[in-house]
Amino acid sequence: MNQIISGVAAPLPYSNLDTDQIMPKQFLRIIDKAGLDRGLLYDLRFDANGEPRPDCVLNQPAYAGASVLVAGPNFGCGSSREHAVWGLMQYGIRAVVAASFGEIFYFNALNNGLLLVSLPPADVDALLARVSDPGANRVEIDALAGTVRAADGWTGHFDLPPRHRRMFSQGQDMVGASLQQLADVEHFEAGHWARHPWMKDVARRVRDRLGQ
């Protein structure tokens, strides 16, 4: 992860694009994260025969390799499936800009290192108008400064929760942030077992007795 995200931004101006559309149910049957990029926005990207829809912006050459989506309001509403976040990231999306996001999706995304940028609706409309021009569809997002800059210099401003701003500054997801507190976890664990020694390794001790 990097605090600066720079690349092609694809306009996706649909309101209430929910997680069932971002990652359809037929792609949730795997037990790991592999291959979720294929399912991303599948019904928008492909027709009933599995052929790419030419009118979908993600299938257009000018937006190939897009790393940013500029979306409509309430992006990521619906179910809490984390696969929607994983699929976006596997596809190469590093940030989504919208006026608002589904609450669970918002924290799933930030905890996994996918940057979500909330801008006022008028600013999102201004950015959508700019990136809808294939010749001016690049943006630069600074997660720490809280800025989104379009190719013509237009700039929007956003805030991040302090914890997630810190995570992006250090290139961490939620696992990495938790590991930074490993010493505190070990200290708590030692105190817990000292207070409740009869609870430690209960399962192992039961197995040992049964084995005997």
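These numbers come from a predicted model, not from an experiment.

Criteria and thresholds
- Residues numbered from 1 in each chain as written.
- Predicted model: local features only at pLDDT ≥ 70, side-chain atom pairs only at ≥ 80, totals over all residues.
- Heavy atoms only, no water.
- Helix = DSSP H or I, 4+ residues; strand = E, 2+ residues; numbered from the N terminus.
- Buried < 20%, exposed > 50% of the residue type's maximum accessible area, 1.4 Å probe, protein only.
- Contact = heavy atoms within 4.5 Å.
- Areas by Shrake-Rupley, 256 points an atom, 1.4 Å probe, with all protein chains shown as cover.
- Core = buried A, V, L, I, M, F, W, Y, C linked by side-chain atoms within 4.5 Å.
- Phe/Tyr/Trp six-rings, centres within 6.5 Å; stacked < 30°, edge-to-face > 60°.
- Pairing = 2+ DSSP bridges.
- Axes fitted to C-alpha atoms, helices over the stretch in contact; angles between N-to-C directions.
- Domains from an automatic or database assignment.
- Arc of directions from axis to C-beta.
- Right-handed = clockwise from strand over helix to strand, strands pointing away.
- UniProt positions renumbered as here; feature names shortened; annotations may be inferred.
- Salt bridge = Lys/Arg side-chain N within 4 Å of Asp/Glu carboxyl O.

## Description of the overall build of the protein
Logical step 1: A tally of helices and strands in the protein yields 10 helices and 7 strands.
Logical step 2: Projected onto its principal axes, the C-alpha positions of the protein cover 70 × 45 × 25 Å.
Logical step 3: Here the protein holds 212 residues, and the buried ones make up 41% of them.
Logical step 4: In the protein, of all internal contacts separated by at least 6 residues, the share reaching a separation of at least 24 is 63%.
Logical step 5: Within the structure as shown, the protein displays about 11500 Å² of accessible surface, and the carbon and sulfur contribution to it stands at 53%.

## Concerning the nonpolar core
In globular proteins that are soluble, nonpolar side chains generally tend to be buried together.
Logical step 1: Core analysis: the largest hydrophobic core is formed by 57 residues, its most contacted members being F75, F105, L115 and I141.
Logical step 2: Dropping the residues within four chain positions of it, F105 is found in contact with T19, I22, F75, G76, A84, V85, L88 and L116.

## A word on the packing of aromatic side chains
Logical step 1: Under the definition given, this model contains 6 aromatic pairs.
Logical step 2: On the basis of an interplanar angle of 35° and a centroid distance of 4.8 Å, the ring pair of Y42 and F46 is categorised as tilted.
Logical step 3: Here the aromatic residues F75, F101, F105, Y106 and F107 are joined through ring pairs into a cluster of three or more.

## Describing the sheet that holds strand β2 (residues 68-71)
Logical step 1: Strands sit in the order β4-β3-β2-β1-β5-β6-β7 across an open sheet of 7 strands; the sheet is mixed. Since the sheet does not close on itself, it has two edges, and those belong to β4 (115-118) and β7 (155-157), each with one partner. Each neighbouring strand pair of the sheet contributes to a mean axis angle of 25°, computed without reference to strand direction.
Logical step 2: In terms of strand pairing, β2 meets strand β3 (residues 95-98) through 3 bridges, oriented parallel.

## A word on the pairing of strand β5 (residues 138-142)
Logical step 1: As defined by bridge partners, strand β1 (residues 4-12) adjoins β5 across 5 bridges and the pair is classed as antiparallel. Paired with I4 across the strands is D142, a residue of β5.
Logical step 2: Bridging between β5 and strand β6 (residues 147-150) involves 4 bridges; their strand directions are antiparallel. Pairing of D142 across the sheet is with T147, part of β6.

## Some remarks on the domain arrangement of the protein
Logical step 1: Structurally, the protein comprises domain 1 (4-170) and domain 2 (174-210).
Logical step 2: If you average the C-alpha positions of domain 1 and of domain 2, the two centres end up 39 Å apart.

## Brief notes about helix α7 (residues 162-169)
Logical step 1: Those residues of α7 not exposed but buried are H164, M167 and F168. Viewed along the axis of α7, the buried residues span an arc of 95°, placing them on a single side of the element.

## A word on the pairing of β3
Logical step 1: Here β3 shows no split at all, with A95 and V97 on one side and V96 and A98 on the other all buried.
Logical step 2: Viewed along the sheet, the connection from β2 through helix α4 (residues 83-91) into β3 turns out right-handed.
Logical step 3: Where β3 meets β4, 4 bridges bridge the pair, whose relative direction is parallel. Bridge assignment links V97 to a residue of β4, and that residue is V117.
Logical step 4: In this region the chain leaves β3, passes through helix α5 (residues 103-112) and returns to the parallel neighbour β4; the handedness of that crossover is right-handed.

## Focus on the UniProt feature "domain: Aconitase A/isopropylmalate dehydratase small subunit swivel" (unreviewed entry) in the protein
Logical step 1: Annotation from UniProt places "domain: Aconitase A/isopropylmalate dehydratase small subunit swivel" (unreviewed entry) at residues 6-120.
Logical step 2: In residues 6-120, helix accounts for 27% and strand for 17%; the two terminal C-alpha atoms are 21 Å from one another.

## Looking at the pattern of salt bridges
Logical step 1: Within this structure, the stated rule accounts for 4 salt bridges.
Logical step 2: Between R130 and D152 there is a salt bridge, with its nearest N and O atoms 2.9 Å apart. A residue pair is termed long-range when its members are at least 10 positions apart, and R130 in helix α6 (residues 121-131) and D152 in the loop between β6 and β7 qualify at 22 residues.
Logical step 3: The class for D152 is exposed, based on a relative accessible area of 54%.
Logical step 4: Taking the shortest distance from any N to any O, the salt bridge between R204 and D201 comes out at 3.5 Å.
Logical step 5: We classify D201 as partly exposed; its relative accessible area is 38%.

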